[in-house]
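Structural description and commentary
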Amino acid sequence: MKTRLRTDLTIRQICEGFQYSESEEKGLFGWAGKLTIQPEYQRNYIYANGKDDVAVIDSLLKGYPIGLIYFVETERDKYEILDGQQRITSIGRYITNKFAWIDENDIPYKFESLPKDKQEKIYNTELTIYICSGDESEIKEWFKTINIAGKPLNNQELLNSIYSGTFITKAKEIFSNSQNSNLHKWLSYMKVEVKRQGLLEVALSWVSKDWEKDGNLEKYMANHRHDDNINELTSYFNDVINWVSTIFIDVKDEMQYINWGKMYEKYHKNPYNSNEISKKLNELYSDYFVTDKKGCYEYILNGCRKEDTKLLNIRIFDEPTKKTVYERQTQEAKLKAVSNCPMCVIENLSNKVKIWDYKDMDADHVTAWSKGGSTDIINCQMLCRTHNRIKGNR
Ligand SMILES: [Zn+2]
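A few points on the structure. (Residues numbered from 1 in each chain as written. Predicted model: local features only at pLDDT ≥ 70, side-chain atom pairs only at ≥ 80, totals over all residues. Heavy atoms only, no water.)

1. Topic: the overall build of the chain
Applied cut-off: Helix and strand definitions here come from DSSP, where helices need a minimum of 4 consecutive H or I residues and strands a minimum of 2 consecutive E residues; each element is numbered from the N-terminal end. What the globule rule says is 2.2 Å times the number of residues to the power 0.38, and the radius of gyration is computed from C-alpha atoms. Contacts are assigned to residue pairs with any non-hydrogen atoms lying within 4.5 Å of each other. Only the protein chains shown count as covering a residue, and every accessible area follows the Shrake-Rupley method with a 1.4 Å probe. Charged-residue counts in this description rest on Lys and Arg as positive and Asp and Glu as negative, His and the chain ends being excluded. The atoms used to mark charge sites are NZ of Lys, CZ of Arg, CG of Asp and CD of Glu.
Along the backbone of the chain there are 17 helices and 11 strands. Radius of gyration (C-alpha) of the chain: 31 Å, far over the 21 Å computed for a compact globule of 394 residues. In terms of its C-alpha atoms, the chain occupies a principal-axis envelope of roughly 95 × 50 × 40 Å. Residue pairs in contact within the chain that sit at least 24 positions apart in sequence constitute 64% of those at least 6 positions apart. Carbon and sulfur atoms form 49% of the exposed surface of the chain, whose accessible area is close to 20,700 Å². Positive and negative side-chain charges in the chain, numbering 56 and 58 respectively, have mean positions lying 5 Å apart.

Right, dumping it as structure tokens:
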């Protein structure tokens, strides 16, 4: 890979003919058509937040350097931005009056309303640009290492750059597009940042069944890199969304934290009655003893089994309750000269008269929560740790 440094190019030159696509949310071209601002392996424009973009303009007006910019020369006199697209897009959008810079008196100025001398100051700023040429893999490998300034690429953004091609271009049109009309529905079932490729990552993890981040997603991207369609990706994604939205007719916040792809794989062959599920779900949601609402979904999908109550993280007895019960049991046991663990007494083995310390005992629901037992002092007994574990597993 060869590089040469240019410090003579001004913002006026680089932003000549600047084009930005609102619908794709990316800078397209500059430098009179010679520069592709956002090649497909780059992430979406994420500086349009009134802070990062304004800070770039602020730096220019104060004469601060905005850092190194890297171009790749892809063919003779044609370039792509390798690093610096967020900054260049911010500048181009400012010059085309897409947002305002705020002065020290809190007065907003779009470019057209700036005093002439300030406009010229921006136009005449010289950028520091490294122009590189080399083969594609070499450049992308290097791109990974230079991308440390500003907001580093996250894992999916990196994968998009490594496996750029027809497949990822088409996939991004659907899953990285914050204008997609289905987003509102989709985002009920996942908590992700669309622009940072979170939705795409979910869709890919579902179709590749990469539940544990064990590399299936990356393999899937590699295998499909040059596909000319994304049919499998979209149909699998839609199957999962349709499945969950049909089974759970209420949309609740906790649903965003569940891996629905995994649930779909485990349970989609079972029949469900969505009205009964709704009733059961609302029952669990209003149950004081259920402390993990996220757990309700798999608990229900798997048939509300006793052995799954751990998913609900049933409220446990508090310390004062446990201490009171311990004192009472221990006093009674001492009077009868038997163990203070009622199960040790029944077993009639070596521990049948053992008085356990408080720290060696745990609270147990006499009647299990799953059978309607409450987390109340009258339903509390202390058992030695061994027996508590045995009873809990039954
Ligand atoms: Zn015991």
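Moving on, there is more to tell.
2. Remarks on the coordination of the zinc ion
Operational definition: Each metal site lists N, O and S donors within 2.8 Å (3.2 Å for Na, K and Ca). With water left out of the atoms, a site can look as if it is missing ligands. For four-coordinate sites, all angles between 85 and 135 degrees define a tetrahedron; for four- and six-coordinate sites, opposite donors beyond 155 degrees with the remaining angles between 65 and 115 define square planar and octahedral shapes respectively, and all other cases count as irregular. Exposed residues in this analysis have more than 50% of their type's maximum accessible area, buried residues have under 20%, and partly exposed residues fall in between, with area computed by a 1.4 Å probe over protein chains only.
In the first shell of the zinc ion, the protein supplies Cys 341 (SG), Cys 344 (SG), Cys 384 (SG) and His 387 (ND1), at 2.0 to 2.3 Å from the metal. Taken together, the four donor atoms surrounding the zinc ion define angles of 97 to 116 degrees at the centre, an arrangement classified as tetrahedral. Counting residues between consecutive donors of the zinc ion along the chain gives the motif C-x2-C-x39-C-x2-H. Of the two residues, Cys 341 and Cys 344, both sit in the buried class.

3. Considering the environment of Asp 250
Definition in use: We call two N or O atoms a polar contact when they sit within 3.5 Å, provided that within protein one can donate a hydrogen and the other can accept it, with sequence-adjacent residues counted only if both atoms are side-chain atoms.
Among the secondary structure elements, Asp 250 is positioned in the loop between α11 (231–247) and α12 (260–267). Sequence separation of Asp 250 and Leu 82 is 168 residues, and the distance between their C-alpha atoms is 45 Å. Excluding anything up to four places from it in sequence, Asp 250 contacts Met 255, Ser 278, Leu 281 and Asn 282. In terms of polar contacts, Asp 250 uses its side chain to reach the side chain of Ser 278, at 3.0 Å.

4. Section: the sheet that holds strand β9 (residues 129–133)
Selection criterion: Strands were regarded as paired on the criterion that DSSP finds at least two bridges between them. Axes here refer to lines fitted to C-alpha atoms; in helices the fit is confined to the stretch in contact. Angles between the N-to-C directions go from 0 to 180 degrees.
Reading across from one edge, β1-β9-β5-β6-β4-β3-β2 is the order of the seven strands in this open sheet, with mixed pairing throughout. Whereas interior strands pair on both sides, the edge strands pair on one side only; in this sheet they are β1 (2–6) and β2 (19–21). Bridge count for strand β5 (residues 69–75) against β9 is four bridges, and the pairing is parallel. Within the sheet, the bridge partner assigned to Phe 71 lies in β9 and is Ile 131. This element, helix α3 (residues 85–95), spans β2, β3 (26–30), β5 and β6 (78–83) of the sheet and lies at about 110 degrees to β6.

5. Describing unusual backbone geometry
Phi is positive for Trp 31, close to 50 degrees, though the residue is something other than glycine. Structurally, the position occupied by Trp 31 is in the loop between β3 and β4 (35–36). Backbone geometry at Gln 197 places phi at a positive 75 degrees, although glycine is not the residue there. Here Gln 197 lies in the loop between α8 (183–186) and α9 (198–207).

6. A word on the packing of aromatic side chains
As a reminder, the rule being used: Two rings from Phe, Tyr or Trp (for Trp, the six-membered ring) form a pair when their centres are within 6.5 Å of each other. A pair whose planes differ by under 30 degrees is stacked, one over 60 is edge-to-face, and the rest are tilted.
Inspection of every chain in the model, using the stated rule, returns 22 aromatic pairs. Plain terms: the ring middles of Trp 31 and Tyr 79 are 4.8 Å apart, the flat faces sit at 25 degrees to each other, and that makes the pair stacked. Linking Trp 31 in the loop between β3 and β4 with Tyr 79 in strand β6, this pair joins segments that are 48 residues apart in sequence. A relative accessible area of 6% means that Trp 31 is categorised as buried. A centroid spacing of 5.9 Å and a plane angle of 85 degrees characterise the contact between Tyr 94 and Phe 111, whose relative ring orientation is edge-to-face. With Tyr 94 in helix α3 and Phe 111 in the loop between β8 (108–109) and α4 (116–123), the pair connects residues that are 17 residues apart, well separated along the chain. One exposure class covers both Tyr 94 and Phe 111, and it is buried.

7. Some words on the pairing of β9
The sheet contact formed by β1 and β9 spans five bridges and is antiparallel. Its bridge partner lying in β9, Arg 6 is registered against Ile 129.

8. Topic: the packing of helix α2 (residues 52–62) against α3
What counts here: By the definition adopted for this analysis, an angle is roughly parallel if under 35 degrees, roughly antiparallel if over 145, roughly perpendicular if from 65 to 115, and oblique otherwise. Only Asp, Glu, Lys and Arg are considered charged in this grouping, and only Ala, Val, Leu, Ile, Met, Phe, Trp, Tyr, Cys and Pro are considered nonpolar; every other residue, Gly among them, is considered polar.
Look at α2 against α3: their axes get within 9 Å of each other, and the N-to-C directions meet at 80 degrees. As summarised for this structure, α2 and α3 are arranged roughly perpendicular, according to the angle between their axes. In this structure, α2 uses Asp 53, Val 56, Ile 57 and Leu 60 to contact α3, whose residues at the interface are Arg 87, Ser 90, Ile 91, Arg 93 and Tyr 94. For the contact of α2 with α3, the class distribution of residues is five nonpolar, one polar and three charged.

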